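Remarks on the overall topology
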Amino acid sequence: MRYLKKLVRNPILLFFSLFQPIIFLVLFTQLLSKFSSFIVLPGGTYLEFATAGILLQNAFGSALQSGNSIVADLDSGYLQKMLVTPVRRPAILLGRLTSDAFRVVIQSAIILGLAYALGAFVNTGVIGILLIFFIIAFFGLAWSGISLAIGMRTRSSETVFAIGGFLTFPLLFLSTALFPLSFMPKWVQDISMFNPISYAVNGIRVLMTTGYDWSTILQAFGVIALVAAVTLGATLYMFRKVVS
Amino acid sequence: MSDIITVDNLVEVYSDGTKAVNDISFSVKEGEFFGFLGPNGAGKSTTIKILTTLLRKTSGTVTIAGYNLEKQSADIRRIIGVQSQETTVDGDLTGRENITLQGHFHQMNGDEIKKRVNELLSLVGLESAAEKRARNYSGGMKKRLDLATALVHKPKILFLDEPTTGLDPQSRAAIWTYLEKINKEEDITIFLTTQYLEEADKLCKRLSIIDAGKIVASGSPIELKREIGADSIRISLENCQRDNSKAKELINSLTDVNEIIDSEEYLTVYAKNAGLLIADIVRALDSSDIRIASVTFSSPSLDDVFMKHTGRRIRTEELVKAPSAMFGGRR
């Protein structure tokens, strides 16, 4: 609740954290709009193809702020203030994570709206959009786990951003988020096969373009669940250490 | 009145081997205003962290309001209020929202919270600023808001870790007034730590002086000062390194001197009727060609109590040494 309120109180932050993905969306899709004329994309236009990637990129950036805020709470002593109340321990983390998920869904809705204005449709309709939100929220949670764990371990927001930034771009570009598999050199293809981002992106992409391709969608969920288990496990472990 | 906090043989050893709290025992009575007085790093905050379930103790027994610290920590959290050394209010929220949120942390219901928030806003004098964001509050206002959030669930015991550190004298005096009011009107037991002598002297009905993880003296401020049993004369010499020991010898030979403590920069002489002794001391030193830089006379303070038990003054390091080192470096 507290984090949600903070979010509403900081519309500027919400706005600016959207800036980068929006610029990406417009720049990439316009710059590479001819892309589909010499390569066959799983969607129709490059815009439809790239929107999924941009959505995930946004989730990345959003998750990074999560670790940052726990550092702030550790520093200010607010975490301790919560710890001396009867609030159940896991609820503190859960509150943090739900507000992250909530934020990322709002941002995604804005991005999807913009993509629609530029000419990209979600072919599976309302249920498809809900499923997309679900994938993104879930993915955002898994990634929040990483930044929360780093935040609690290092207690430094600079480190959270450094490590987060260091992870974001290679992972994004070494995946199928912005370019199709067939476009990549062999070694990048190999890496992207093991990149969890690829699976999440593919899940969103089929929902936007081809339809209910359940094997891809379930794969997306499976991979995200695996990542989430690892990162949230690490978060929980670090949280226990911080709390005791 | 019965004891609401009992601590027996409490020890806290940090993982690097530091003994932050070294075998302390004390008790606090219900409704009492109790304090820990000591310099930075004495173990005050560590003790508060243990008592408020934030830090696990190494050994010892602690009972709070009849609850065992380890087995019933959840029960303890329900009846204590804590204000930590850092001011922890959320700057993005208004004063009212900050207190309301804390009420939710304590799982109070909505109507109850609303009523209580109004009570508290008037208790700490923040009604007119209630709808402003806490970010724009002054340091003293933030402290008062923090205090109000700690009181939202009507705790039986309020723990205050250096509640006025870093405040200007005026805000400090205001906080003191509120604390005395809370102690009386809300009938709350208060456990306070401080490094300010005046604060302990003014507020605490009973206190323990703590230094380097150990309690060196306990009692009411009056009892502790009476224990000194004497006024003190503080003498600093123009050339202390050369003359200190000789001066000490001379003064010791005078009648009625209880004790002399040599703290390198000055000598502190304790005596029953110190006023009468000043002339004798000056005469004795003068006849031996020891030049005096200054003489101050005072009735016993808690600082003298601290001095007597530890050989140091509470704030010597901060106030005296730091500036002189600075000047030395610049010359």
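1. With respect to the overall build of chain A
The helix and strand inventory of chain A stands at 11 helices and zero strands. If you list the helices and strands of chain A from N to C, you get α-α-α-α-α-α-α-α-α-α-α. Across the 244 residues that make up chain A, the buried fraction comes to 44%. When contacts within chain A are restricted to residue pairs at least 6 apart in sequence, long-range pairs at least 24 apart make up 77% of them.

2. Some points on the interface of chain A and chain B
Counting from both sides, the interface comprises 18 residues of chain A and, opposite them, 20 residues of chain B. Within the residue set of the side of chain A that touches chain B, elements represented by two or more residues are helix H1 (2–9) and helix H5 (78–83) of chain A. Here the side of chain A that touches chain B takes five residues from H5 of chain A, the largest share from any one element. Per-class residue counts for the side of chain A that touches chain B are seven nonpolar, six polar and five charged.

3. Concerning the pairing of strand S3 (residues 33–37) of chain B
All names here are of chain B. Counting buried positions over the five residues of S3 gives five, a clear majority of the element. Of the two faces of S3, the one carrying Phe33, Gly35 and Leu37 and the one carrying Phe34 and Phe36 are both buried. Of the strand pairs in this sheet, S3 and strand S8 (residues 189–194) are connected by five bridges, and their pairing is parallel. Looking across to S8, one finds that phenylalanine 33 is bridged to isoleucine 190. Pairing analysis gives four bridges linking S3 to strand S9 (residues 206–211), with the strands arranged parallel. By the bridge assignment for S9, leucine 37 is matched with isoleucine 209.

4. Quick look at the domain arrangement of chain B
All names here are of chain B. Partitioning chain B into structural domains gives domain 1 (3–220) and domain 2 (226–330). On the domain 2 side, the residues contacting the 10 residues of domain 1 number eight residues. Mapped by element, the contributors of at least two residues to the side of domain 1 that touches domain 2 are helix H7 (197–203), S9 and strand S10 (214–219). With three residues, the top contributor of residues to the side of domain 1 that touches domain 2 is H7. Considering only residue class, the side of domain 1 that touches domain 2 consists of seven nonpolar, one polar and two charged.

5. Details of the sheet that holds strand S1 (residues 3–13) of chain B
An order of S2-S1-S4-S5 (chain B) is seen for the four strands of this open sheet, with the pairing classed as antiparallel. Of all the strands in the sheet, just strand S2 (19–29) and strand S5 (67–68) of chain B have a single pairing partner and so form its edges.

6. Some remarks on the nonpolar core
Core analysis: the largest hydrophobic core is formed by 62 residues, its most contacted members being Leu120, Ala148, Leu151, Ile157, Phe159, Ile190 and Phe191 of chain B. With five residues, the single largest contributor to this core is helix H5 (residues 139–150) of chain B. Of the residues that make up this core, three or more belong to each of domain 1 (3–220) and domain 2 (226–330) of chain B. Of all hydrophobic cores here, the second largest spans 58 residues; its members include Ala63, Ile132, Ile136 and Phe139 of chain A.

7. Here's the deal with the packing of helix H4 (residues 46–76) of chain A against helix H6 (residues 89–118) of chain A
All names here are of chain A. Orientation of H4 relative to H6, taken along the N-to-C sense of each, is 155°, at an axis distance of 9 Å. Relative to H6, the element H4 is oriented roughly antiparallel. The element H4 and its partner H6 pack so that their crossing is right-handed. For the pair H4 and H6, the contacting residues are Leu47, Thr51, Ile54, Leu55, Asn58, Ala59, Ser62, Ala63, Ser66 and Ile70 in the first and Arg96, Asp100, Arg103, Val104, Gln107, Ser108, Ile111, Ala115 and Leu118 in the second. When grouped by side-chain class, the residues that make up the contact of H4 with H6 number 10 nonpolar, six polar and three charged.

8. Some words on unusual backbone geometry
All names here are of chain B. Despite not being glycine, lysine 154 shows a phi value in the positive range, around 50°. On the secondary structure map, lysine 154 appears in the loop between H5 and strand S7 (157–161). The exposure class of lysine 154 is partly exposed, given the 16 C-beta atoms found within 10 Å. At aspartate 289, a position not held by glycine, the phi torsion is positive, near 60°.

9. Description of the pairing of strand S4 (residues 59–64) of chain B
Residues and elements named next belong to chain B. Two strands pair when backbone bridges link them, and S1 and S4 are joined in this way by five bridges, in the antiparallel orientation. What sits directly across from aspartate 8, in S4, is threonine 61. Of the strand pairs in this sheet, S4 and S5 are connected by two bridges, and their pairing is antiparallel. The residue bridging threonine 63 from the neighbouring strand is asparagine 68, located in S5. Connecting S4 to the next strand, S5, in antiparallel fashion are two residues, including alanine 65 with a positive phi near 50°.

10. A few points about the sheet that holds strand S13 (residues 267–271) of chain B
Residues and elements named next belong to chain B. Judged by pairing direction, the sheet is antiparallel, and its four strands sit side by side in the order S12-S13-S11-S14 without closing on themselves. Edge strands, defined here as strands with exactly one partner in the open sheet, are strand S12 (257–262) and strand S14 (292–298). Across the sheet, the mean angle from the axis of one strand to that of its neighbour is 20°, orientation sign disregarded. Relative to S14, strand S11 (residues 231–237) runs antiparallel, the two sharing six bridges. Paired with isoleucine 235 across the strands is valine 295, a residue of S14.

Cut-off values and rules
- Residues numbered from 1 in each chain as written.
- Chains lettered and ligands numbered in written order.
- Predicted model: local features only at pLDDT ≥ 70, side-chain atom pairs only at ≥ 80, totals over all residues.
- Helix = DSSP H or I, 4+ residues; strand = E, 2+ residues; numbered from the N terminus.
- Buried ≥ 20, exposed ≤ 12 C-beta atoms within 10 Å, placed from the backbone.
- Contact = placed C-beta atoms within 7 Å.
- Nonpolar A, V, L, I, M, F, W, Y, C, P; charged D, E, K, R; others polar.
- Pairing = 2+ DSSP bridges.
- Domains from an automatic or database assignment.
- Core = buried A, V, L, I, M, F, W, Y, C linked by C-beta atoms within 7 Å.
- Axes fitted to C-alpha atoms, helices over the stretch in contact; angles between N-to-C directions.
- Parallel < 35°, antiparallel > 145°, perpendicular 65-115°, else oblique.
- Left-handed = near helix turned anticlockwise from the far one by under 90°.

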